[in-house]
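Spelled out from the first residue to the last, the chains are:
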Amino acid sequence: MEKSGVMRMPQAAFAASDPVVDAAPAPVRPVPQALARDRLVASLGPAAADRIRIVPAEAVSLFRLDLPIRGSRQRLAALPFALEDRLAGPIDGLHFALCDGAGGPGVLAAVISRDALLAERDAADGQQLVPECLTLPVPAAAETGAMRWAVCREGDRALVRLSDGTGFAAQIGVLSHLWRHAGEPEVTSFGAALPCLGLEGGQAAPPVSPALSRGIGGQGQQFDLSGDHAAQGKGRTFDRQET
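Model, not experiment: these values are computed from the prediction.

Participant: Please clarify how the environment of Gly106 should be interpreted in this entry.
Facilitator: By the secondary structure assignment, Gly106 is in the loop between strand E3 (94-98) and strand E4 (107-113). Residues Gly106 and Ile69 lie 37 residues apart in sequence; the distance between their C-alpha atoms is 9.9 Å. Once residues lying within four places of it in the same chain are set aside, the contact partners of Gly106 are Arg64, Leu65 and Asp66.

Structure follows, in structure tokens:
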């Protein structure tokens, strides 16, 4: 399969009928995000970049799903029920958010544990909370409709976004296994080389996602994990005053 110089949370590489996944991740260690920060500054300028706090991809699960309901509030209220069968364990301790629609039909949803979200919010100092994967642009699907991956490597870690808008982070040591399990999709590589996928040095770091750029620049809705398009548990609105 062709591998051009062009990966979603691990569960996103699998079909919806595959085993459920745990969206309440283990404690997240600090991760290097220099490339993400550099891309934010280059695309948005330092002032706009300073308004963003990047939430590590290890803390957030992204899902693409069909939700034939009109109205963002109605969709948000339905999210926990629509995703319940794809999550391991109770959902009352989870937080759900609607993301930008880039990447295909249906909706893109983010799920994070409430404790992790509160910790990020407490450390944010008023910044927008943006899932790390959303900083990468969505790669176009192949002409056949097959999934493509965009991979941005930094050190021993790779940030991955799929053409359906979902994404994930993985250690380099397991990246080739995930790639093979997903059917060896076409990969666009950014950042350091990916010898595990047979790719040499990648292209220059890509700009941030156009949707994110529009929101931060004030030309569109500003995405924030704890914003108005987010809910907790079974449709309860997240209270910014909670501690």
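Okay, back to it.
Participant: I would appreciate a short explanation of the sheet that holds strand E7 (residues 157-162) in the present structure.
Facilitator: Where strands meet in a sheet, backbone hydrogen bonds hold them as pairs that are either parallel or antiparallel. Spatially, E8-E7-E6-E9 is the arrangement adopted by the 4 strands of the open sheet, whose pairing is mixed. The two strands at the open ends of the sheet, each matched to only one other strand, are strand E8 (167-171) and strand E9 (186-191). Looking at each pair of strands side by side, their axes are set apart by 25° on average, direction ignored. With 6 bridges joining them, strand E6 (residues 148-154) and E9 adopt parallel strand pairing. Its bridge partner lying in E9, Trp149 is registered against Val187. Helix H5 (residues 172-181) contacts E6, E7, E8 and E9 of the sheet and is inclined by roughly 130° relative to E8.

Participant: Looking at this model, I keep getting lost on the confidence of the model for the chain. Mind explaining?
Facilitator: Per-residue confidence for the chain gives a mean pLDDT of 75, with 68% of residues at or over 70. This stretch, residues 217-221, has a pLDDT under 50; its non-local contacts, to residues over four places away or in other chains, come to 5 contacts.

Participant: Mind showing me how you'd approach the pairing of strand E5 (residues 128-131) here?
Facilitator: One face of the sheet, then the other: side chains in a regular strand alternate in exactly this way. Across the two faces of E5 the burial is the same, with Gln128 and Val130 and Leu129 and Pro131 all buried. Taken together, the 4 bridges between strand E1 (residues 52-55) and E5 define a ladder with parallel strand orientation. Paired with Arg53 across the two strands is Leu129, which belongs to E5.

Participant: When you look at the packing of aromatic side chains in this model, what are you seeing that I'm missing?
Facilitator: Aromatic ring pairs are described here by two measures, namely the spacing of the ring centres and the angle between the planes. On inspection of all chains with the given rule, the structure shows 1 aromatic pair. Ring centres of Trp149 and Phe168 lie 6.1 Å apart, and the angle between their planes is 85°; this geometry places the pair in the edge-to-face category. One end of the pair, Trp149, is in strand E6; the other, Phe168, is in strand E8, with 19 residues separating them in the sequence.

Participant: Any chance you could explain the pattern of salt bridges here in plain terms?
Facilitator: Think of it this way: side chains of opposite charge can pair up when their charged atoms draw near. Applying the stated criterion across every chain, the model contains 4 salt bridges. Put simply, Glu58 and Arg157 hold a salt bridge, and the shortest N to O gap is 2.8 Å. One end of the pair, Glu58, is in the loop between E1 and strand E2 (60-65); the other, Arg157, is in strand E7, and 99 residues separate them in sequence. Measuring nitrogen to oxygen at the nearest pair gives 2.5 Å for the salt bridge that ties Glu132 to Arg157. On the criterion of sequence distance, the pair formed by Glu132 in the loop between E5 and E6 and Arg157 in strand E7 is long-range, its members being 25 residues apart. The class for Arg157 is buried, based on a relative accessible area of 4%.

Participant: Got a minute to help me understand helix H4 (residues 114-124) in this structure?
Facilitator: Spacing of three or four residues puts side chains on the same side of an α-helix, whose turn is 3.6 residues. Listed as buried for H4 are Arg114, Leu117, Leu118, Glu120, Arg121 and Ala124. Relative to the axis of H4, the buried residues are bounded by an arc of 165° and lie together on one face. Summarising the geometry of H4, the exposed residues directed more than 90 degrees from the buried face are Asp115 and Asp122.

Participant: Even after reading the chapter, I still don't get the nonpolar core, so can you show me in this structure?
Facilitator: Soluble globular proteins tend to pack their nonpolar side chains together in the buried interior. Ranked by size, the top nonpolar core spans 32 residues in total, and within it Val60, Leu62 and Leu225 carry the most contacts. Secondary structure elements with two or more residues in this core: helix H1 (34-44), helix H2 (46-49), E1, E2, E4, H4, E5 and E6.

Participant: Explain the pairing of E3 to me, please; I cannot follow it from the model alone.
Facilitator: A large share of E3 lies buried, amounting to 5 of its 5 residues. Burial of the side chains of E3 extends over both faces: Leu94, Phe96 and Leu98 are buried on one face and His95 and Ala97 on the other. Strand direction decides the pairing type here: E3 and E4, joined by 5 bridges, are antiparallel. Across the sheet, the residue bridging to Ala97 is Ala110, located in E4.

Rules used in this analysis
Residues numbered from 1 in each chain as written. Predicted model: local features only at pLDDT ≥ 70, side-chain atom pairs only at ≥ 80, totals over all residues. Heavy atoms only, no water. Helix = DSSP H or I, 4+ residues; strand = E, 2+ residues; numbered from the N terminus. Contact = heavy atoms within 4.5 Å. Pairing = 2+ DSSP bridges. Axes fitted to C-alpha atoms, helices over the stretch in contact; angles between N-to-C directions. pLDDT = per-residue confidence, 0-100. Buried < 20%, exposed > 50% of the residue type's maximum accessible area, 1.4 Å probe, protein only. Phe/Tyr/Trp six-rings, centres within 6.5 Å; stacked < 30°, edge-to-face > 60°. Salt bridge = Lys/Arg side-chain N within 4 Å of Asp/Glu carboxyl O. Arc of directions from axis to C-beta. Core = buried A, V, L, I, M, F, W, Y, C linked by side-chain atoms within 4.5 Å.

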